[in-house]
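Coordinate analysis (summary)
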Amino acid sequence: MSYTAPLKDMLFNIEHLAGIDQVASIPGFEDAGLETAQAVLEECAKLNEGVIAPLNWEGDKNPSSWKDGVVTTTPGFKDAFKQYAEGGWQGLQHPVDFGGQGLPKTIGAACTEILNSANMSFALCPLLTDGAIEALLTAGSDELKAIYLEKLVSGQWTGTMNLTEPQAGSDLSLVRTRAEPQPDGSYKVFGTKIFITYGEHDMAENIVHLVLARVQGAPEGVKGISLFVVPKFLVNGDGSLGARNDVHCVSIEHKMGIKASPTAVLQFGDHGGAVGYLVGQENRGLEYMFIMMNAARYAVGVQGIAVAERAYQKAVQYAKDRVQSRPVDGSINASAAIIHHPDVKRMLMTMRAYTEGCRAMASVAAAAYDAAHHHPDADTRKQNAAFYEFMVPLVKGYSTEMSLEVTSLGVQVHGGMGFIEETGAAQYYRDAKILTIYEGTTAIQANDLVGRKTARDGGQTAKGIAAQVEQTEAALRASGSDTAAVVAKRLQAARLAFIDVVDFVAGNTKASPNAVFAGSVPYLMLAGNLVAGWQLGRALLVAQDQLAQGQDEAFMRSKIATARFYADHLLSKAPGLRDSIVDGADSVNALAPEAF
Ligand SMILES: Cc1cc2nc3c(=O)[nH]c(=O)nc-3n(C[C@H](O)[C@H](O)[C@H](O)COP(=O)(O)OP(=O)(O)OC[C@H]3O[C@@H](n4cnc5c(N)ncnc54)[C@H](O)[C@@H]3O)c2cc1C
């Protein structure tokens, strides 16, 4: 069950689709060119392939455990985390001022994928720590930054996100955890949070909880929520650890997947009140959390790509080894490895095309993030921000839904053995299922796409993306190859379907919300499908060029074949989605709740 990081594909995207040269022309990223990307990815692959990936299976068999408030992680995790932190990996994308390496997301995102392919359960701890760092960078006072950031960036301490409560999941307006102001400017926090990833564990000296709570007298709903830092151990003036804070892990969940990642129920304030410190201003907590959630949502999308890649590698290996049935074309006159059967190839190509398409989409989105945050020109920042914002629900929603299909196919390729746990294919399938749920379910991503990202600007950003797709179609046609022409045709059909749906969404969200939201998830799938297919269309153009120059023939031919497969078999679903969204809303809403 070994894992090999797909460095070639990642570097191809980083160089040709994301445009690392342009990223490296942004002040502050001068040293982050292709060579740096290659060196970082190679180091990252070494640690993950050698140390972290071998613990993935172990974590599934031997999950984190809870006893008397103490959580013990899977054997090997603590040591691996030490190596991860000492290698500086937690600080890869964080500012140099706080001890990070200040690398662009264009490189960091590929490292996130490698870590998550190696071990999704393990990777969640750094992922949540990234979120906490992001929140403090965005809204924390200088004092909070000085106390917490360096330790978080170095991996000496870890972070969590405490949003969910028993009655408040997708709907955070229902958060009830309360915070009482104290004379010294701190707060006392009381309440129960559930499902808190790495809410308690033994891999770091301190855990920094970022907690949503309501200050006494705050307005009802989302406008009355504030954000607090609540450390597991209070921090003394000299930075050393002080008293144990009143936040305790009362249990952890038994789960379908990501079993090594402890999912904690945290009780705040049962013994007098947990000491908390306000982040930013009162009642603006959800706004800050959204900034942090955008980073986390993107990262969860990358988790989907990561687990899909791992499932794909395993399926390919099995398909080459397993001998069963004579090939239909008689090319081998005996039972042969199942990879010779067209249907097995169809499954492997589907897995590969989805994974490569989503990876390309995520890579391009990462470059937009870098430009949106660091480009010196304000207009360029604005344009890239709009593009990135549009991409976040797509990367999260589409890549995670596709990971379910890919990991399911991974089981299917294994036949009966896929259903047997010892094989390992089932773990990827079980692990992948959480990805469409946490950090906002697919429906919540789709609501975001419809409301904030499409209806709000009347479909302008969406149409801008469609216009870019059209340019790629023209370039594909102009390239003169038959394959490129076929891909252009499919892209055009998908783009026109997308535009119809954007018009439908922009025109009807206010007047007929039930009709629009009946198709919100299919719209998300259509948009994700189009963007992934578009990026593979761009990849095809590059691969044709590279091939003409005699570069890496086998890789470039495979890229062209994968892009063509994507267009023929996946992009071709787009017009059907259009029909069900635009024409099918009535049947979604036909039955009243009592008729079910
Ligand atoms: C393993 C695990 C780890 C987690 N880690 C964390 C963590 O670290 N921190 C944290 O705060 N939380 C965490 N969560 C919580 C997670 O984010 C929530 O479970 C998730 O947001 C969904 O909320 P819910 O479970 O209450 O489901 P609900 O909100 O009850 O949703 C149930 C169903 O209704 C649908 N639905 C709800 N509202 C809408 C709507 N407006 N439109 C359309 N459909 C809707 C949903 O899509 C879903 O299908 C974790 C959960 C799990 C299982």
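In the nomenclature of an unreviewed UniProt entry, the protein is known as Acyl-CoA dehydrogenase of Curvibacter microcysteis. Looking at the protein in UniProt, the text filed under Sequence similarities (unreviewed entry) is "Belongs to the acyl-CoA dehydrogenase family." Under the heading Cofactor (unreviewed entry), UniProt records this for the protein: "FAD".

1. So, the pattern of salt bridges
Where charged atoms of side chains with opposite charge meet at close range, the side chains can pair. By the definition in use, this model includes 28 salt bridges. One salt bridge connects R284 with E287, and the closest N-O pair in it is separated by 2.6 Å. According to the relative accessible area criterion, E287 is partly exposed, its value standing at 40%. Among the salt bridges present, the one from E421 reaches R430, with a minimum N-O distance of 2.8 Å. Taking relative accessible area as the criterion, E421 reaches 34% and is therefore assigned partly exposed. Residue classification places R430 among the buried positions, given a relative accessible area of 13%. Salt bridges sharing partners connect three or more residues here, namely D9, E113, E309, R352, E356, R359 and K559.

2. Description of the domain arrangement of the protein
According to the domain assignment, the protein consists of domain 1 (7–151), domain 2 (157–282) and domain 3 (442–588). Relative placement of domain 1 and domain 3: their C-alpha centres are 30 Å apart. Residue-level contacts link five residues of domain 1 with 10 residues of domain 3. Summed over both sides, the interface between domain 1 and domain 3 buries roughly 690 Å², with carbon and sulfur atoms accounting for 64% of that surface. A per-residue breakdown of the area domain 1 buries against domain 3 is headed by K8, F12 and L17, which together make up 71% of the total. Between the two partners, domain 1 and domain 3, sit two salt bridges. Across the pair K559 and D9 runs a salt bridge, and its minimum N-O distance is 2.6 Å. Taken together, domain 1 and domain 3 are joined by three residue pairs in polar contact (both at pLDDT 80 or more). Partitioned by chemical class, the residues of the side of domain 1 that touches domain 3 number two nonpolar, one polar and two charged.

3. Here we look at a nonpolar patch on the surface
There is a patch of nonpolar side chains on the surface, built from M417, F419 and I420 and spanning about 340 Å² of accessible area. Within the element layout of this structure, I420 appears in the loop between α11 (378–413) and α12 (425–433).

About the thresholds
- Residues numbered from 1 in each chain as written.
- Predicted model: local features only at pLDDT ≥ 70, side-chain atom pairs only at ≥ 80, totals over all residues.
- Heavy atoms only, no water.
- UniProt positions renumbered as here; feature names shortened; annotations may be inferred.
- Salt bridge = Lys/Arg side-chain N within 4 Å of Asp/Glu carboxyl O.
- Buried < 20%, exposed > 50% of the residue type's maximum accessible area, 1.4 Å probe, protein only.
- Domains from an automatic or database assignment.
- Contact = heavy atoms within 4.5 Å.
- Buried area = accessible area lost by both parts, 1.4 Å probe.
- Polar contact = N/O pair within 3.5 Å; in protein donor to acceptor, adjacent residues only side chain to side chain.
- Nonpolar A, V, L, I, M, F, W, Y, C, P; charged D, E, K, R; others polar.
- Patch = residues over 30% accessible without salt bridge, like charges linked within 9 Å, V, L, I, M, F, W, Y side chains within 5 Å.
- Areas by Shrake-Rupley, 256 points an atom, 1.4 Å probe, with all protein chains shown as cover.
- Helix = DSSP H or I, 4+ residues; strand = E, 2+ residues; numbered from the N terminus.

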